[in-house]
Amino acid sequence: MMDELLPKLTVPIKADAWLDPTMLFPAAREIWLEIGFGGGEHVSGQAARHPEIGILASEVFFEGVAKLLGQVEDAGLTNIRIWPEDGRELVDGLNDHCIDRAFILFPDPWPKARHQKRRIIQPDFLDALARVMKPGGRVRFATDVRSYADEALERFLAHSAFDWTAGRADDWRRTPDDHIETRYQMKRLGDIEPVYFDFIVGSGD
Ligand SMILES: C[S@@+](CC[C@H](N)C(=O)[O-])C[C@H]1O[C@@H](n2cnc3c(N)ncnc32)[C@H](O)[C@@H]1O
């Protein structure tokens, strides 16, 4: 399955040209992006719920890619394309302003202080993400690690492109209605209950 299906579904990122993802999903109403999909339950669940959208999904962990391929095949999903490598390369390979929604859910927390620079939410990455998001697009970040929640929120808020949508102080502790829990999330490996930050992408002015 890896040998046959993965090449057909791999996002054709090239070093010398940005990709317009609508080429991959000509009929899609929106293009979504998920980075670090783990076992793939969220991305395949969203793809099944929303056949009208196309999703680009990235994961570096080989077993996770294999699991998602199994879900694509079992459910007959036609609206997922996979980048089986670093999601930052995927973002860097996309056109400006082509993504309607992005999900970064329970990214590797790197809890030890000396490893925290490996966390994906870094100012450079947020610049890259802001470039590919459509104005008015939405980004969801979730974690169950307090120090990552604090750091990521500070970095998103420090960036002029991202506006936090929380209306009330408690909004971030409420599981969004459209969220799909994964097996990883259910293990509750962090030190807090999951928190969700939803941002709207502004013009950056
Ligand atoms: C803690 S797991 C969470 C997985 C999934 N989002 C979930 O909620 O179940 C984080 C995942 O991100 C993947 N990952 C880490 N860095 C990545 C990167 N730069 N690009 C793509 N995937 C990455 C890891 O391999 C791992 O599977």
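This structure is a prediction, so every number in the text was calculated from the model and none was measured.

1. Comments concerning the overall build of the chain
Secondary structure summary: the chain contains 7 helices and 7 strands in total. Ordered by position from N to C terminus, the α and β elements of the chain give α-β-α-β-α-β-α-β-α-β-α-β-α-β. Taking 17 Å as the expected radius of gyration for a compact globule of 205 residues, we find that the chain reaches 16 Å, a close match to that expectation. For the chain, the spread of C-alpha atoms along the three principal axes comes to 45 × 40 × 35 Å. Within the chain, the fraction of its 205 residues that count as buried is 49%. Long-range pairs, those at least 24 residues apart, make up 78% of the contacts in the chain between residues at least 6 apart in sequence. Total accessible area on the chain is roughly 10500 Å²; 52% of this is exposed by carbon and sulfur atoms. Distance between charge centres in the chain, computed from 25 positive and 35 negative side chains, equals 4 Å.

2. Structural notes on the environment of Glu-85
On the secondary structure map, Glu-85 appears in the loop between strand S3 (80-83) and helix H4 (87-92). Along the chain, Glu-85 and Trp-18 lie 67 residues apart, while their C-alpha atoms are 17 Å from each other. With residues near it in sequence (within four places) discarded, Glu-85 still touches Ser-58, Glu-59 and Val-60.

3. Observations concerning the site of the ligand
For the ligand, the set of nearby residues contains 16 residues, the closest of which are Gly-36, Glu-59, Gly-87, Leu-105 and Thr-182. A distance of 2.7 Å separates a nitrogen atom of the ligand from a polar atom in the backbone of Gly-36. When the ligand sits alone it has 600 Å² of accessible area, and the protein chains cover 87% of it. Its residues assigned to classes, the shell around the ligand shows 6 nonpolar, 5 polar and 5 charged.

4. Regarding the pairing of strand S4 (residues 99-105)
Among the 7 residues in S4, 7 count as buried, and that is most of the element. Direction of pairing for strand S1 (residues 30-35) relative to S4: parallel, over a ladder of 3 bridges. From the neighbouring strand, Leu-33 faces S4, where its bridge partner is Ala-102. One ladder, built from 6 bridges, connects S4 with strand S5 (residues 133-143); its direction is parallel. Across the sheet, the residue bridging to Ala-102 is Val-139, located in S5.

5. Details of the nonpolar core
Counting 41 residues, the largest nonpolar core has Leu-56, Ile-99, Ile-121, Leu-129 and Phe-162 as its most contacted members. Only S1, H4, S4, helix H5 (123-132), S5, helix H6 (146-158) and strand S7 (195-201) provide two or more residues apiece to this core. Residue contributions to this core peak at 6 residues, all from H5. In this structure Ile-121 touches Ile-104, Leu-126, Phe-141, Tyr-148, Glu-151, Ala-152, Arg-155 and Phe-156, once residues within four positions along its chain are discounted.

6. Considering the pattern of salt bridges
Working definition: two side chains of opposite charge can pair if their charged atoms are close together. If you walk through the whole model with that rule in mind, you get 12 salt bridges. Across the pair Asp-96 and Arg-131 runs a salt bridge, and its minimum N-O distance is 2.7 Å. Of this pair, Asp-96 sits in the loop between H4 and S4 while Arg-131 sits in helix H5; the two residues are 35 residues apart in sequence, bridging distant segments of the chain. Exposure remark for Arg-131: the relative accessible area of 21% places this residue in the partly exposed category.

7. A few points about the packing of aromatic side chains
Evaluated as defined, the whole model comprises 11 aromatic pairs. Ring geometry for Phe-141 versus Tyr-148: centroids 5.3 Å apart, planes at 75 degrees, classification edge-to-face. With respect to burial, Phe-141 and Tyr-148 carry one shared label: buried. Between the aromatic rings of Phe-141 and Phe-197, the centroid separation amounts to 6.2 Å while the plane-to-plane angle is 5 degrees, which identifies the pairing as stacked. In this pair, Phe-141 sits in strand S5 while Phe-197 sits in strand S7, placing the two residues 56 residues apart along the sequence. Phe-197 matches Phe-141 in its accessibility class, with the two residues each being buried. Here the aromatic cluster, defined as three or more aromatic residues joined through ring pairs, consists of Phe-141, Tyr-148, Phe-156, Phe-162, Trp-164, Trp-172, Phe-197 and Phe-199. Positioned above the aromatic ring of Trp-18, the side-chain terminus of Arg-131 is 4.1 Å from the ring centre.

Criteria and thresholds
Each chain has its residues counted from 1, following the order in which its sequence is written. Per-residue local features are limited, in this predicted model, to residues with pLDDT of at least 70; the limit for side-chain atom pairs, both in listing and counting, is 80 or more; totals at the level of whole chains, interfaces and linings are taken over all residues. The basis for every side-chain value is the complete set of heavy atoms in the structure, and neither hydrogens nor water enter the calculation. Runs of E in the DSSP output that reach at least two residues are strands. Runs of H or I that reach at least four are helices, and both are numbered from the N terminus. For the radius of gyration, the atoms used are the C-alpha atoms, and the globule rule reads 2.2 Å times the number of residues raised to 0.38. For every residue, the accessible area (1.4 Å probe, protein chains only) is compared with the maximum for its type, and the residue is labelled buried under 20%, exposed over 50%, or partly exposed between those bounds. Pairs of residues are marked as contacts when any of their non-hydrogen atoms sit within 4.5 Å. Residue exposure ignores everything except the shown protein chains as possible cover, and the areas themselves are Shrake-Rupley values with a 1.4 Å probe. The convention is simple: Lys and Arg are positive, Asp and Glu are negative, and His and the chain ends are not counted. To locate a charge, take NZ of a lysine, CZ of an arginine, CG of an aspartate or CD of a glutamate. Nearness is judged by heavy atoms alone; a residue qualifies as near a molecule or strand once a single heavy atom is within 4 Å of it. Polar contacts, as counted here, are pairs of nitrogen or oxygen atoms within 3.5 Å of one another; within protein the pair requires one atom able to donate a hydrogen and one able to accept it, and residues that are adjacent in sequence qualify only if both atoms are side-chain atoms. Each residue gets one of three labels, nonpolar for Ala, Val, Leu, Ile, Met, Phe, Trp, Tyr, Cys and Pro, charged for Asp, Glu, Lys and Arg, and polar for the others, Gly among them. Pairing between two strands is assigned when DSSP locates at least 2 bridges connecting them. In these notes, a set of buried Ala, Val, Leu, Ile, Met, Phe, Trp, Tyr and Cys residues joined through side-chain atoms within 4.5 Å is what counts as a nonpolar core. Only one rule defines a salt bridge in this text: a Lys or Arg side-chain nitrogen within 4 Å of an Asp or Glu carboxyl oxygen. Any pair of Phe, Tyr and Trp rings, taking the six-membered ring for Trp, is counted once the centres come within 6.5 Å. Such a pair is stacked with planes under 30 degrees apart, edge-to-face with planes over 60 apart, and tilted for the rest. Put simply, a charge is over a ring when the Lys NZ or the Arg CZ is close to the ring centre, within 6 Å, and near the line of the ring normal, within 35 degrees.

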